[in-house]
Amino acid sequence: LPRSTPPPSRRPHWGLILQVPVTFEDVVVYFSREEWGLLASWQRELYWDVMRETCSALLSLGTYFL
């Protein structure tokens, strides 16, 4: 049997979805030279991996968000 749409009283309520522009400056994390020097090599690698993913995600949204 095909799945039917539940009645409105049984549907999940998603509420209002607010969309706001996101910029690189909103999500970037900066380290001072001293702080960067205190990071372990795996932490520096993780930082660059996360920043690459973040940049990629922002670019996929379009240049408006950069």
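See the structure above.
Everything quoted here is computed from the prediction, not taken from an experiment.

Things to note about the overall build of the protein chain
(1) Moving on: For the protein chain, the helix and strand inventory stands at three helices and zero strands.
(2) Moving on: Of the regular secondary structure in the protein chain, the N- to C-terminal order runs α-α-α.

Some words on the packing of aromatic side chains
(1) Moving on: Applying the stated criterion to the full structure yields five aromatic pairs.
(2) Moving on: Between Phe-31 and Trp-36 the ring centres are 5.8 Å apart and the planes differ by 55 degrees, which places this aromatic pair in the tilted class.
(3) Moving on: Exposure remark for Trp-36: the relative accessible area of 24% places this residue in the partly exposed category.
(4) Moving on: Summarising the aromatic geometry, the rings of Tyr-47 and Trp-48 are spaced 5.0 Å apart at their centres and angled 75 degrees between planes, so their arrangement reads as edge-to-face.
(5) Moving on: Overall, the relative accessible area of 16% leaves Tyr-47 in the buried class.
(6) Moving on: Look at Trp-48 and you get partly exposed, because its relative accessible area is 44%.
(7) Moving on: Put simply, the rings of Phe-31, Trp-36, Tyr-47 and Trp-48 pair up and form one aromatic cluster.

Reading the values: rules and limits
Residues numbered from 1 in each chain as written. Predicted model: local features only at pLDDT ≥ 70, side-chain atom pairs only at ≥ 80, totals over all residues. Heavy atoms only, no water. Helix = DSSP H or I, 4+ residues; strand = E, 2+ residues; numbered from the N terminus. Phe/Tyr/Trp six-rings, centres within 6.5 Å; stacked < 30°, edge-to-face > 60°. Buried < 20%, exposed > 50% of the residue type's maximum accessible area, 1.4 Å probe, protein only.

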